[in-house]
Amino acid sequence: DAGVIQSPRHEVTEMGQEVTLRCKPISGHNSLFWYRQTMMRGLELLIYFNNNVPIDDSGMPEDRFSAKMPNASFSTLKIQPSEPRDSAVYFCASSGRDLRSYNEQFFGPGTRLTVL
Amino acid sequence: RKEVEQDPGPFNVPEGATVAFNCTYSNSASQSFFWYRQDCRKEPKLLMSVYSSGNEDGRFTAQLNRASQYISLLIRDSKLSDSATYLCVVRSGGFKTIFGAGTRLFVKA
């Protein structure tokens, strides 16, 4: 079974450029989460969706960050314009409806973003 | 004060040792608790959920103390393959999920 799919796996860009990260959740899962991980701050929840609707975006650091989930099988996280302090690993995770999968969040492999 | 706090370690233990990690959380309304494992440059993966009565999965035992607001993870008979970062995770209402910074474990031969 395919797990959570993220693309690209690595992204190197210059300050000021727009960056778009993509995520395909596990089929049938109805919740999707975007996280950012850095050495300094650890793993931070940025935003999560339930049934394609954003539920809590209080973790989004600032207006330069935006996330969408146009359908149940796709989500994007966009940074515009990007800054060097945005350099991090961005994880997408999904969670399903049944008891076990309700508890467990399945993570994608992450996108390693470097902003020069 | 951070919402979820862990000793970052590292813990350096020999194979076969027993090692314990603790984690404290500040939100008394927290409802669900988990331990995740993260290998170097990999994504986090669920190790085990933590139930009020405590639970065991092979060499791993998790405990929850709601009164003192801490969670523990005990690893018995450590293996080289247990070397990883262990993340304490707390969930409040809905899907609001807070990860601790993680405790690094190195098991040496």
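Up top is the structure.
Residues numbered from 1 in each chain as written. Chains lettered and ligands numbered in written order. Predicted model: local features only at pLDDT ≥ 70, side-chain atom pairs only at ≥ 80, totals over all residues. Heavy atoms only, no water.

**Points about empty space enclosed by the protein**
All names here are of chain B.
- Throughout the structure, instances matching the rule amount to one cavity of 30 Å³ or more.
- Lining the largest cavity, in full, are E3, Y25, S26, N27, S30, V90, R91, S92, K96 and I98.
- Classifying every residue of the lining of the largest cavity gives three nonpolar, four polar and three charged. (1 Å grid on protein atoms, 1.4 Å probe; cavity = no way out; pocket = protein on both sides within 12 Å on 5 of 7 lines; lining within 4 Å. Points joined across faces, edges and corners; volume = space filled by probe spheres on them. Nonpolar A, V, L, I, M, F, W, Y, C, P; charged D, E, K, R; others polar.)

**Comments concerning the pattern of salt bridges**
- Going through the model one piece at a time under the given rule, you end up with 13 salt bridges over all chains.
- Its salt-bridge partner being A:E62, residue A:R85 comes within 3.3 Å of it at the nearest N-O pair. Taken as a pair, A:R85 in the loop between β8 (74-79) and β9 (88-95) and A:E62 in the loop between β6 (53-56) and β7 (65-71) lie far apart in primary sequence, 23 residues in all.
- For A:R85, a relative accessible area of 55% corresponds to the exposed category.
- For A:E62, a relative accessible area of 27% gives the class partly exposed.
- B:R37 is paired through a salt bridge with B:D39; the nearest N and O atoms lie 2.8 Å apart.
- Take B:D39: its relative accessible area is 30%, and that puts it in the partly exposed class.
- Residues participating in the shared-partner salt-bridge network are A:E62, A:R64, A:E83, A:R85 and A:D86. (Salt bridge = Lys/Arg side-chain N within 4 Å of Asp/Glu carboxyl O. Helix = DSSP H or I, 4+ residues; strand = E, 2+ residues; numbered from the N terminus. Buried < 20%, exposed > 50% of the residue type's maximum accessible area, 1.4 Å probe, protein only.)

**Concerning the nonpolar core**
- If you look at the biggest cluster of nonpolar residues, it comprises 23 residues, and the most contacted ones within it are B:F21, B:W35, B:I71, B:L73, B:I75, B:Y86 and B:L105.
- Secondary-structure elements contributing two or more residues to this core are β3 (19-25), β4 (32-38), β5 (45-50), β7 (60-65), β8 (70-75), β9 (84-91) and β11 (103-108) of chain B.
- Discounting chain neighbours no more than four positions away, the residues touching B:Y86 are B:Q6, B:F21, B:W35, B:Y36, B:R37, B:L47, B:F60, B:L73, B:I75, B:G102, B:T103 and B:L105.
- Judged by nonpolar contacts, the second largest core, of 21 residues, contains A:L21, A:F49, A:I79 and A:A88. (Core = buried A, V, L, I, M, F, W, Y, C linked by side-chain atoms within 4.5 Å. Contact = heavy atoms within 4.5 Å.)

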